[in-house]
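Summary of the model geometry
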Amino acid sequence: MEKTFFIIKPDGVRRALIGQVIDRMEHRGFVIENLLMCQVTKDLLAQHYEALVDRPFYPSIEAYMMSGPVVIGVLTGADVIQSWRKMMGATNPTDALPGTIRGDFAHGAEGASIENIVHGSDSPESAAREIALWFGHD
Ligand code: UDP
Ligand code: MG
């Protein structure tokens, strides 16, 4: 069974969408293997988004991701990494199809950061790295 790492981002928590996001995971048949609410720290976020840290818009991503508590977790299931990415929808909610979480619950970005409710690992390597980073083991 494959594992992936997910985040319900501060906008998802603030807008009381935790239940609806979790509901979709469970309806799909994925197993929630770990679940925790926390406040992201600068250091951990920079490690998580190591590929984006040097981009000019990283400070706005940092402000967004630290704007309130998040829910982090590990999801298990067959082909869960790509399936969860499909359920999230495109990065920019403007491009996300209806039926996806981003397509149903978010709209186009107005500020510098793209507020899009959820995160999901994009490959087996990212999933292993992110689970180890956030939960200290894989
Ligand atoms: N992001 C942003 N502006 C950009 C690119 C990314 O605000 O131009 C934010 C957005 O919240 C996105 C996250 O940084 O979800 C990570 O970017 P990535 O390209 O990895 O997208 P994802 O894997 O989340 O779809
Ligand atoms: Mg990504």
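The following paragraphs examine the structure supplied in this document.

Here is what the cut-offs are and how they apply
- Residues numbered from 1 in each chain as written.
- Chains lettered and ligands numbered in written order.
- Predicted model: local features only at pLDDT ≥ 70, side-chain atom pairs only at ≥ 80, totals over all residues.
- Heavy atoms only, no water.
- Helix = DSSP H or I, 4+ residues; strand = E, 2+ residues; numbered from the N terminus.
- Buried < 20%, exposed > 50% of the residue type's maximum accessible area, 1.4 Å probe, protein only.
- Contact = heavy atoms within 4.5 Å.
- Salt bridge = Lys/Arg side-chain N within 4 Å of Asp/Glu carboxyl O.
- Near = heavy atom within 4 Å.
- Polar contact = N/O pair within 3.5 Å; in protein donor to acceptor, adjacent residues only side chain to side chain.
- Areas by Shrake-Rupley, 256 points an atom, 1.4 Å probe, with all protein chains shown as cover.
- Nonpolar A, V, L, I, M, F, W, Y, C, P; charged D, E, K, R; others polar.
- Phe/Tyr/Trp six-rings, centres within 6.5 Å; stacked < 30°, edge-to-face > 60°.

1. Here's the deal with the environment of E125
By the secondary structure assignment, E125 is in helix α7 (residues 124-135). Judged by relative accessible area, E125 falls into the exposed class, the value being 58%.

2. Re the side chain of S113
Examined against the element boundaries, S113 turns out to sit in the loop between α6 (101-105) and β4 (118-120). Since its relative accessible area comes to 11%, S113 is described here as buried. If we skip the residues at most four places from it in the chain, S113 touches S60, I61 and Y64.

3. Topic: unusual backbone geometry
Residues other than glycine seldom take positive phi values, yet D79 does so here, at roughly 55 degrees. Assignment of secondary structure puts D79 in the loop between β3 (70-77) and α5 (80-88). A positive phi angle, close to 70 degrees, is found at I117, a residue other than glycine. With relative accessibility at 0%, the residue I117 sits in the buried group.

4. Here's the deal with the pattern of salt bridges
A full pass over the atoms with the stated rule returns four salt bridges. For E33, the salt bridge is made with K3, and the minimal N-O distance between the two is 3.2 Å. Here E33 is found in strand β2 (residues 31-38), whereas its partner K3 is found in strand β1 (residues 2-8), with 30 residues between them in sequence. Since its relative accessible area comes to 43%, E33 is described here as partly exposed. The shortest N-O distance in the salt bridge between K42 and E62 comes to 3.6 Å. Taken as a pair, K42 in helix α3 (residues 42-48) and E62 in helix α4 (residues 58-65) lie far apart in primary sequence, 20 residues in all. E62 gets classed as buried once you look at its relative accessible area, which sits at 19%.

5. A look at the site of ligand 1
The environment of ligand 1 is formed by K9, Y49, L52, F57, I61, Y64, R85, T91, R102, S113, I114 and N116. Note that an oxygen atom of ligand 1 is positioned 2.9 Å from one of the side-chain N or O atoms of K9. Taking T91, its side chain carries an N or O atom lying 2.5 Å from an oxygen atom of ligand 1. Notes on ligand 1: free accessible area 500 Å², of which the protein chains cover 80%. Residues that form the shell around ligand 1 fall into these classes: six nonpolar, three polar and three charged.

6. Overview of the packing of aromatic side chains
One pass over the structure, following the stated rule, counts three aromatic pairs. With 5.3 Å between their ring centres and 25 degrees between their planes, F5 and W134 make a pair best called stacked. A residue pair is termed long-range when its members are at least 10 positions apart, and F5 in strand β1 and W134 in helix α7 qualify at 129 residues. Residue classification places F5 among the buried positions, given a relative accessible area of 0%. Here the aromatic rings of F6 and W84 are separated by 6.3 Å at their centres, their planes lie at 65 degrees, and the arrangement is edge-to-face.

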